[in-house]
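Summary of structural features
Residue strings, one per chain:
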Amino acid sequence: MGLRERIAAELTATMHGGDLKLERYAGPPGDPGLFGIAPGDPVWRVHGQATGMLTGGFAALMLQSLHPLAMAGVDQHSDFRADPVGRLNGTVRFITTTTFGSAAAAREVIDLVRRIHTRVHGTAPDGRPYRADDPDLLTWVHTAEVRSFLAGRSG
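In what follows, the accompanying structure is described. (Residues numbered from 1 in each chain as written. Predicted model: local features only at pLDDT ≥ 70, side-chain atom pairs only at ≥ 80, totals over all residues. Heavy atoms only, no water.)

Further remarks concern the overall build of the protein. From N to C terminus, the protein includes 8 helices and 2 strands. For the protein, the N- to C-terminal ordering of α and β elements is α-α-α-α-α-α-α-β-β-α. Counting only residues that meet the buried cut, the protein has 27% of its 155 residues in that class. Counting only carbon and sulfur atoms, one obtains 62% of the accessible surface of the protein, whose full area is about 9,700 Å². (Helix = DSSP H or I, 4+ residues; strand = E, 2+ residues; numbered from the N terminus. Buried < 20%, exposed > 50% of the residue type's maximum accessible area, 1.4 Å probe, protein only. Areas by Shrake-Rupley, 256 points an atom, 1.4 Å probe, with all protein chains shown as cover.)

The following block contains the structure:
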């Protein structure tokens, strides 16, 4: 294993908090996952490169933070200050499971995130209401992720 592969393996282990459960990705045999993503597909290639995902993830966070309603939700409902690595681990698990996991594992994490998002709502400092399950806000967050992960992969 070369230096680049060792660094990627260490980053992957760190981002998953040391409890990466490979059985999420192993079966059942023949299960193409929720989206039918296979090795060689663009999403597989982008999400499979740990260093690009890490740099792209940080870029996505910076871009997402430019939306005042997204920031209000994070500020008022996230534990990122007390546990930034734990917060990162949750996002990484979601992306990894929905990309590489079985259909059942993907549905499980999607349902979890949906339940969490339904509880995240409030009022931003400028008086505007926000909801984490607002389609426009979700579009902003996901567009920032896609753009940043692709840039991280190509760099």
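Here the narrative resumes.
The full count for this structure, using the stated rule, is 3 salt bridges. Ionic pairing is found between arginine 81 and aspartate 75, a salt bridge with its closest N-O pair at 2.6 Å. Overall, arginine 81 belongs to the exposed group, its relative accessible area being 58%. (Salt bridge = Lys/Arg side-chain N within 4 Å of Asp/Glu carboxyl O.)

Another point: the packing of aromatic side chains. Tallied over the full model, the rule gives 1 aromatic pair. Measuring from centroid to centroid gives 4.7 Å for tryptophan 44 and phenylalanine 100, while their planes differ by 90 degrees, and the two rings are edge-to-face. Here tryptophan 44 is found in helix α3 (residues 42-47), whereas its partner phenylalanine 100 is found in helix α6 (residues 84-100), with 56 residues between them in sequence. Taking the relative accessible area as the measure of exposure, tryptophan 44 reaches 28% and is therefore partly exposed. In this structure phenylalanine 100 comes out as buried when scored by relative accessible area, which is 18%. (Phe/Tyr/Trp six-rings, centres within 6.5 Å; stacked < 30°, edge-to-face > 60°.)

Let us look at the side chain of glutamate 145. Mapping glutamate 145 onto the fold places it in helix α8 (residues 135-154). The charged side chain of glutamate 145 is buried without a salt bridge, its nearest counter-charge being arginine 87 at 7.6 Å. Contacts of glutamate 145, omitting those with residues within four sequence positions, involve Ala60 and Gln64. (Lys, Arg positive; Asp, Glu negative; His and termini not counted. Contact = heavy atoms within 4.5 Å.)

Looking now at the side chain of serine 148. Assignment of secondary structure puts serine 148 in helix α8. A polar contact of 2.8 Å, which involves the side chain of serine 148, links it to the backbone oxygen of alanine 144. If near-sequence neighbours (up to four positions away) are discounted, serine 148 is found in contact with Gly56, Ala59, Ala60 and Leu63. (Polar contact = N/O pair within 3.5 Å; in protein donor to acceptor, adjacent residues only side chain to side chain.)

A rise of 1.5 Å per residue sets the reference length of helix α4 (residues 50-64), with its 15 residues, at 21 Å; its end C-alpha atoms lie 20 Å apart and thus fit the reference within 8%. Of all the residues in α4, the buried ones are Ala50, Gly52, Met53, Leu54, Gly56, Gly57, Ala60 and Gln64. (Expected span 1.5 Å × (residues − 1).)

Taken by themselves, the reported measurements are silent on function.
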